[in-house]
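Here's the letter readout for the chains.
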Amino acid sequence: MAVTTSSPQTQVYARTVFFDRLRKYLFFAMLAFWAALSLAPLYFTLVFSFKPVADVYTPPIWAPIPFTLDNYITILGTFQLFPRWVWNSVFISVIITIFRVLFCAMAGYAFARIEFPLKSFWFNLLLISMMMPGVVTLIPSFLIIGPGLIRGGLQLGDLRIPTGFGLIDNPWGVILPGMADAFGVFMMTQFYKSFPKELEEAAMMDGSGRWGTFFRIVLPISQTQLITLALLTFQGAWNNFMWPLLVLRSPEQFTLPIGLQWFRGEYYTLYSVILAGSIFNTLPILIIFFVFQQYFVRSIAATGSKEG
Amino acid sequence: MRTRTDRRKWVDALNGYLFISPWLIIFIIFSLISLGYAVYLSFTEYNLLRPPRWWGLEGYQRVLEDELFIAKALPNTFKYVLIVVPIQTFLSLVLAFAMDQNLRFQRFFRTIFYLPSVTSSVVISLIFIWLFAPQGIFNQITGLTVNWLDDPRTAFYVIMGMNIFTTSGTLMLIFLAGLQDIPLAVYEAAEIDGANGLQKFFYITVPMLRPVIFFVVTVGVIGCFQVFDQIFVMTNGGPLDSTTTITYLIYKWAFRDTRIQMGQASALAVILTLIILAVTLLQRRVIEGSGSGAER
């Protein structure tokens, strides 16, 4: 913008400058308002998580008066299940993240670089599956993870092949279907396609095979993209609700979101404790978000512009 | 020489399949087989206790005759999509446009706007239950005495508002990336021709952003048709079924009701998939057909 207020030459010009400024103030006010709105729920949650249980609806709403740490003490000390839920959430999210990033990078690399039979067939299936809503496979996926598609297994002569994993109420039941997915593979394929292949070719010339090249050269140089996918995956797994809700049954196995929801049903009057728990669930993601902010922004920008 | 290229081809084929195998196995089990089985189940009666019993279109007919589906879940779902998608799309576009003016604190705003979407749907729902309780902070600030989530006239709108609130930040970032791709020269040319701000917005920004708008609307439609977490946590489909949506009904039939009906629930899941597919295609027509300037 070369427009400055110091040298208005004509009246028309001055008027444009005035409207330009007015518009800027309006936009700024709008942004500030939405920012306040975005912060408000978390701010109030934080404030009231430091107020006594009895004061859960009592003003003042802007500051934790009277101040107490009781809710956090309840969570970390008295209420044994809570640390377990945190641990379960961490375990499930970390394992899913590691596997999904590795498997999606492998498949994406193959789709971008290696020639193999039926490649375009599988890739088109992958693209179609991305448009398929998740609910439609929910019931069969549940049966596969749990009791099996066919009760008692598939009978082939004397052979009985189980059709389900029997992983209900087991963290691996949550992990298994999340270990690879179409979106991640698509994202990595697009990335490797746009990536110069000279470095890999040099390595292949030097006699390291596909696998050696992949683990020693390709993975390290695609670090940024892998971190982006890892963050998206971790966030998704950490906050996931519907699938763990179906798979996990006993309170000891719950993840944090399932646990918080269950806690609310059991101890409705202790809402301040729920608020403290909510802070606990949000904090790790917030920290990760602040540390890796540019990766988050990158990933979102990428999802938008690549697929239009 | 020929044998060497043959061998190379063979090695590539093997390696290719080894590289995609982890994904492929999961894809075949949890997408292909699952989808096929869902379609099969939709033609059966299945209550988990006895093996599925084939009954053809009976399940579909029962879905279409179900009072809860016809009178509540179906209209509620469409109402939800028709209210949430346009508002969140427009709101995030306007916010992105404001962000693109290079005002001060841009980075700060970007961070803050994204905050609601990093919070889990359950946590944000739990917070909103508390904020919108009869003695909650929302009523305290506004001086109202509405029992938001227990009143069939208001509960659904609170959920809609909350979801607009949580997704607009992400969508805004998508739009912002799209806006920054529009070459400045186009705006400058329009300025020389005497276009004002509003004209620039509607005649340059919106048409140039058409692919991004299509993406945001598609993601919004697919997501909104499947809204579940928030409803499960905040209202359980109530009060008086005023917040029961199709996905919640699928869950209810398949997992929650005392008489489990996985076949009928699968039929509804197939119907929902067809609805989403139809709406996505229709909307693609509308967005791409409404102008000639579709870029990508």
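Source: prediction; values computed, not measured.

Trainee: Please give an account of the overall build of chain A that cites residues and values.
Mentor: Summing up its helical and strand segments, chain A has 14 helices and two strands in all. Relative to the globule expectation of 19 Å for 308 residues, the C-alpha radius of gyration of chain A, 26 Å, shows a markedly less compact shape. Counting only C-alpha atoms and orienting by the principal axes, one finds that chain A spans roughly 85 × 60 × 35 Å. Evaluated residue by residue, chain A yields a buried proportion of 38% over its 308 residues.

Trainee: How would you sum up the domain arrangement of chain B? Please name residues and give values.
Mentor: Residues and elements named next belong to chain B. Taken domain by domain, chain B consists of domain 1 (2-42) and domain 2 (66-289). A separation of 36 Å is found between the C-alpha centroids of domain 1 and domain 2. Across the boundary between the two partners, domain 1 contributes four residues, which contact six residues of domain 2. A class-by-class count of the residues in the side of domain 1 that touches domain 2 yields three nonpolar, one polar and no charged.

Trainee: A description of the interface of chain B and chain A should follow, citing residues and the corresponding values.
Mentor: The parts lose accessible area when they come together, and the size of an interface is often stated as this lost area. Counting residues at the interface gives 78 residues for chain B and 76 residues for chain A. If one sorts the elements of the side of chain B that touches chain A by residue count, helix α1 (residues 2-42) of chain B sits on top with 18 residues. Each residue belonging to the side of chain B that touches chain A can be placed in one class, and the counts come to 54 nonpolar, 20 polar and four charged.

Trainee: Outline the nonpolar core, supporting the account with residue identities and numerical values.
Mentor: Counting residues in each nonpolar core, the largest one holds 154 residues, and the members touching the most others are A107 of chain A together with L268 and A269 of chain B. Apart from residues no more than four positions distant in its own chain, A269 of chain B is found in contact with V135, V136, L138 and I139 of chain A together with A38 and I250 of chain B.

Trainee: Residue-level account of the confidence of the model for chain B, with values.
Mentor: In the predicted model, chain B carries a mean pLDDT of 89, and the fraction of residues at 70 or more is 97%. Predicted confidence is poor over residues 292-296 of chain B, with pLDDT under 50, and the contacts of this stretch with residues over four places away or in other chains come to nine contacts.

Trainee: Can you lay out unusual backbone geometry for me, pointing to particular residues and giving the numbers?
Mentor: P60 of chain A follows P59 of chain A through a cis peptide bond whose omega is 0°. Following I65 of chain A, the chain continues to P66 of chain A via a peptide bond in cis, the omega torsion being -5°. Mapped onto the fold, P66 of chain A is located in the loop between α1 (11-49) and α2 (70-78). The phi dihedral of L118 of chain A is positive, around 65°, even though this residue is not glycine. Relative to the helices and strands, L118 of chain A resides in the loop between α3 (81-113) and α4 (119-130). The class of L118 of chain A is exposed, set by 11 C-beta atoms lying within 10 Å. With a phi angle near 55°, L240 of chain B is a residue other than glycine that sits in the positive phi range. Among the secondary structure elements, L240 of chain B is positioned in the loop between α11 (229-234) and α12 (246-256). In this structure L240 of chain B comes out as partly exposed when scored by C-beta crowding, with 13 C-beta atoms within 10 Å.

Conventions and cut-offs
- Residues numbered from 1 in each chain as written.
- Chains lettered and ligands numbered in written order.
- Predicted model: local features only at pLDDT ≥ 70, side-chain atom pairs only at ≥ 80, totals over all residues.
- Helix = DSSP H or I, 4+ residues; strand = E, 2+ residues; numbered from the N terminus.
- Rg over C-alpha atoms; globule rule 2.2 N^0.38 Å.
- Buried ≥ 20, exposed ≤ 12 C-beta atoms within 10 Å, placed from the backbone.
- Domains from an automatic or database assignment.
- Contact = placed C-beta atoms within 7 Å.
- Nonpolar A, V, L, I, M, F, W, Y, C, P; charged D, E, K, R; others polar.
- Core = buried A, V, L, I, M, F, W, Y, C linked by C-beta atoms within 7 Å.
- pLDDT = per-residue confidence, 0-100.

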